[in-house]
Amino acid sequence: DQQVKQNSPSLSVQEGRISILNCDYTNSMFDYFLWYKKYPAEGPTFLISISSIKDKNEDGRFTVFLNKSAKHLSLHIVPSQPGDSAVYFCAASVGTYKYIFGTGTRLKVLA
Amino acid sequence: DVKVTQSSRYLVKRTGEKVFLECVQDMDHENMFWYRQDPGLGLRLIYFSYDVKMKEKGDIPEGYSVSREKKERFSLILESASTNQTSMYLCASANPGQGLYEQYFGPGTRLTVT
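These numbers were taken from a predicted model, which means no experiment stands behind them.

### Looking at the overall build of chain B
Reasoning step 1: Across its full length, chain B carries zero helices and 11 strands.
Reasoning step 2: Computed over C-alpha atoms, the radius of gyration of chain B comes to 13 Å, within 12% of the 13 Å expected from 2.2 N^0.38 for 114 residues, which places it in the range of a compact globule.
Reasoning step 3: Referenced to the eigenvectors of the C-alpha coordinate spread, the extents of chain B come out at roughly 40 × 30 × 25 Å.
Reasoning step 4: Split into buried and exposed, the 114 residues of chain B put 48% on the buried side.
Reasoning step 5: The long-range share in chain B, meaning contacts at least 24 apart out of those at least 6 apart in sequence, stands at 56%.

### Observations concerning the layout of surface pockets
Reasoning step 1: The space that makes up the largest pocket amounts to roughly 350 Å³.
Reasoning step 2: If you go around the largest pocket, you meet 19 residues; those closest to its centre are Val87(A), Phe89(A), Arg106(A), Gln37(B) and Pro39(B).
Reasoning step 3: The set of elements that each furnish at least two residues to the lining of the largest pocket consists of β9 (86-93) and β11 (105-110) of chain A together with β4 (31-38) of chain B.
Reasoning step 4: Of the residues contributing to the lining of the largest pocket, the split by class is nine nonpolar, six polar and four charged.

### A word on a nonpolar patch on the surface
Residue and element names in this part refer to chain A.
Reasoning step 1: A cluster of nonpolar residues, Ile-18, Ile-20 and Val-78, forms a patch on the protein surface that exposes about 220 Å² of accessible area.
Reasoning step 2: By secondary structure assignment, the location of Ile-18 is in the loop between β2 (10-14) and β3 (19-25).
Reasoning step 3: Taking the relative accessible area as the measure of exposure, Ile-18 reaches 41% and is therefore partly exposed.

### Observations concerning the state of the cysteines
Reasoning step 1: Applying the stated criterion across every chain, the model contains two disulfides over all chains.
Reasoning step 2: At a sulfur-sulfur separation of 1.9 Å, the disulfide partner of Cys23(A) is Cys90(A). Taking the sign of the torsion about the S-S bond as the criterion, the disulfide between Cys23(A) and Cys90(A), at about 65 degrees, is right-handed. Residue Cys23(A) is located in strand β3, and its partner Cys90(A) is located in strand β9; the two are separated by 67 residues in the primary sequence. Judged on exposure class, the residue Cys23(A) and its partner Cys90(A) are both buried.
Reasoning step 3: Note on cysteine connectivity: Cys23(B) is disulfide-linked to Cys91(B), with sulfurs 1.8 Å apart.

The rules behind each value
- The residue numbers shown here count from 1 along each chain, following its written sequence.
- Labels are handed out in written order, letters beginning with A for the chains and numbers beginning with 1 for the ligands.
- Only residues with pLDDT of at least 70 are given local features in this predicted model, and only at 80 or more are side-chain atom pairs given and counted; all residues enter the totals for whole chains, interfaces and linings.
- Think of the side-chain values as coming from all heavy atoms in the structure, minus any hydrogens and water.
- Elements are defined by DSSP. Helices are runs of H or I of four residues or more, strands are runs of E of two residues or more, and each kind is numbered from the N terminus.
- Here the radius of gyration uses the C-alpha set of atoms, whereas the globule reference equals 2.2 Å times the residue count to the power 0.38.
- Exposure categories follow from relative accessible area, calculated using a 1.4 Å probe and restricted to protein chains: below 20% of the type maximum is buried, above 50% is exposed, and the middle band is partly exposed.
- In this analysis, two residues are considered to be in contact whenever any of their non-hydrogen atoms come within 4.5 Å of each other.
- Here a cavity is any set of points on a 1 Å grid over the protein atoms alone where a 1.4 Å probe fits but cannot get out, and a pocket is any open set with protein on both sides within 12 Å along at least 5 of 7 lines; a residue lines the site when it has an atom within 4 Å of a point.
- Grid points are joined across faces, edges and corners, and a volume is the space filled by probe spheres set on the points.
- Following the grouping adopted for this structure description, the nonpolar residues are Ala, Val, Leu, Ile, Met, Phe, Trp, Tyr, Cys and Pro, the charged ones are Asp, Glu, Lys and Arg, and the polar ones are all others, Gly among them.
- The patches described consist of residues with a relative accessible area above 30% and no salt bridge, like charges being joined within 9 Å and nonpolar side chains (Val, Leu, Ile, Met, Phe, Trp, Tyr) within 5 Å.
- Here the open area of atoms and residues is found with the Shrake-Rupley method and a 1.4 Å probe, where only the protein chains shown may cover a residue.
- The salt bridge criterion pairs a side-chain nitrogen of Lys or Arg with a carboxyl oxygen of Asp or Glu, the two atoms within 4 Å.
- The disulfide criterion is simple: two cysteine sulfur atoms within 2.5 Å.

Everything listed here is a matter of coordinates, which is why it stays silent on function.
Quick look at the structure:
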């Protein structure tokens, strides 16, 4: 049973445009959410996070939105750059040190 | 900067061999984790440790064991490697006691079992 789902395995976006990556979850007890970026042959690197008491968190070009009623999380990248091309994972936690990761979305930013 | 290192980037082992994957972190983090990453399945937690000599099973512990004798080092052991354990193995560390929940990952070990 996949508690955290990323239903789009891949996404292509033109450079300069907005990239929107989506994540859905089923466990309403999750209280902390994170996004990671992964380049080939490297480990994932932390990008941005949000607590369940917030609905938005922003860090430069990256914004994460949380819609608790819909159990939906999204990552917006504006403007998208070719260096953003990577696999993006969302992850959720329920007050422990244990995270459930989604299956990932491969973003390709076209120059 | 937090640094998490893994002993090998690529490893090829035969079925039935005992395999050791080593992970070292240099930031005095309390928690350490072992994941495997497979296409279409994302990252799945094998084991984690919240203190020296303490461990908890993750979602897929079968066929694996772990050891944490020192705070900075967390080892994953495949007791008798099988072909379905061919995967990318990722180690991570974190220090939620500081209110920072993000995990820091090593570069990964791609293990092939033939």
